[in-house]
Amino acid sequence: MSTSADATSPTTSLANHAYEILRHRLIMLDIAPGDPINEAALSAELEVGRTPIREALKRLERDHLVVSYPRRGTFATNVDLTDLSAISEMREALEPIAARRAARNLTPERRADFTAAIAGLKALEATDEQRTLMERDLDVHRLIYSSVDNPHLSETLIRLDDLATRIWCLVIPGIPDLVTHIREHIDLLEAILDGDEQTVAARAAEHVREFDKTVRATLR
């Protein structure tokens, strides 16, 4: 049985550290789809033992970001574009709920965070590196998810957004105006600040539909 001490043990903390680093590399395709995961190399690079690395990989496998094969090892999962419909269907149902809750749960601190996020989006330039744009996109989604005050909802949305981001990163070279797509969050965030739950729900759903439409257009 887990105890509160287990949750804050050194091994757990190191596993969480390894998990966050590897998850980000996987969703940003720094670790390419199909690439093998070298536990020994990661252990040396991150300066953690093999046990935290293995614990992190178990979590990543539950997230569908890596897959393990007996006697072959662990690999980054392939980005399966046929999953787009299923991912979009789930996100279109859940993103509006998250946006509504974010609008409902505003605090002075969260209001400041959303205001700063809007300013950051407005400052983006078409000449910014794709990596910068994608990082900002991730930050916006994480900010909304952190405001729902429902860990089950936020965890599910993060997992879906991770998978969507991998697809997004794969098709980015075919998107002519990425900065415009990232800036589409501005209207959503402003509606959250206004506390307009009906508008934010509609805009969140529309954002998912636009994402799906853009990806499909890129694949033609």
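Computed from a predicted model, the values in this text were never measured in an experiment. (Residues numbered from 1 in each chain as written. Predicted model: local features only at pLDDT ≥ 70, side-chain atom pairs only at ≥ 80, totals over all residues. Heavy atoms only, no water.)

A. Focus on the pattern of salt bridges. Counted according to the given criterion, the structure contains 20 salt bridges. Residues E55 and K58 are paired through a salt bridge, measuring 3.5 Å at the closest nitrogen-oxygen approach. On the criterion of helical spacing, the pair formed by E55 and K58 is a turn pair, its members being three residues apart in helix α4 (residues 50-62). Notably, a salt bridge pairs R159 with D63, separated by 3.1 Å at the nearest N-O pair. Placement of the pair is R159 in helix α8 (residues 151-171) and D63 in the loop between α4 and β2 (66-69), with a sequence separation of 96 residues. Classification of D63 as buried rests on a relative accessible area of 7%. One salt-bridge network, held together by shared partners, links E20, R23, R91, E95, R142, D161 and D162. (Salt bridge = Lys/Arg side-chain N within 4 Å of Asp/Glu carboxyl O. Helix = DSSP H or I, 4+ residues; strand = E, 2+ residues; numbered from the N terminus. Buried < 20%, exposed > 50% of the residue type's maximum accessible area, 1.4 Å probe, protein only.)

B. Summary view of the domain arrangement of the protein. Once the domains are mapped, the protein shows domain 1 (14-76) and domain 2 (81-219). Computed over C-alpha atoms, the centres of domain 1 and domain 2 are 26 Å apart. Taken together, the 13 residues of domain 1 in the interface contact 13 residues of domain 2. Contact between domain 1 and domain 2 buries roughly 1,100 Å² in total, counting both sides, with carbon and sulfur atoms accounting for 57%. Ranking the residues of domain 1 by area buried against domain 2 places I27, M28 and L29 at the top, with a combined share of 45%. Ionic pairing is found between D30 and R131, a salt bridge with its closest N-O pair at 2.7 Å. Applying the counting rule to domain 1 against domain 2 returns five residue pairs in polar contact (both at pLDDT 80 or more). (Domains from an automatic or database assignment. Contact = heavy atoms within 4.5 Å. Buried area = accessible area lost by both parts, 1.4 Å probe. Polar contact = N/O pair within 3.5 Å; in protein donor to acceptor, adjacent residues only side chain to side chain.)

C. Main features of the packing of helix α7 (residues 130-145) against α8. For the pair α7 and α8, interaxial distance at closest approach is 10 Å and the crossing angle is 165 degrees. In terms of orientation, α7 and α8 fall into the roughly antiparallel class. For the pair α7 and α8, the sense of crossing is right-handed. Residues M134, L138, H141, R142 and Y145 of α7 lie in contact with α8, whose contacting residues are S154, L157, I158, D161, D162, T165, W168 and C169. Class assignment for the residues of the contact of α7 with α8 results in seven nonpolar, three polar and three charged. (Axes fitted to C-alpha atoms, helices over the stretch in contact; angles between N-to-C directions. Parallel < 35°, antiparallel > 145°, perpendicular 65-115°, else oblique. Left-handed = near helix turned anticlockwise from the far one by under 90°. Nonpolar A, V, L, I, M, F, W, Y, C, P; charged D, E, K, R; others polar.)

D. Geometry of the environment of H64. Structurally, the position occupied by H64 is in the loop between α4 and β2. In the structure, H64 is positioned 13 residues away from T77 in sequence and 6.9 Å away in space, judged by C-alpha atoms. If sequence neighbours within four positions are ignored, H64 has contacts with T77 and L163.

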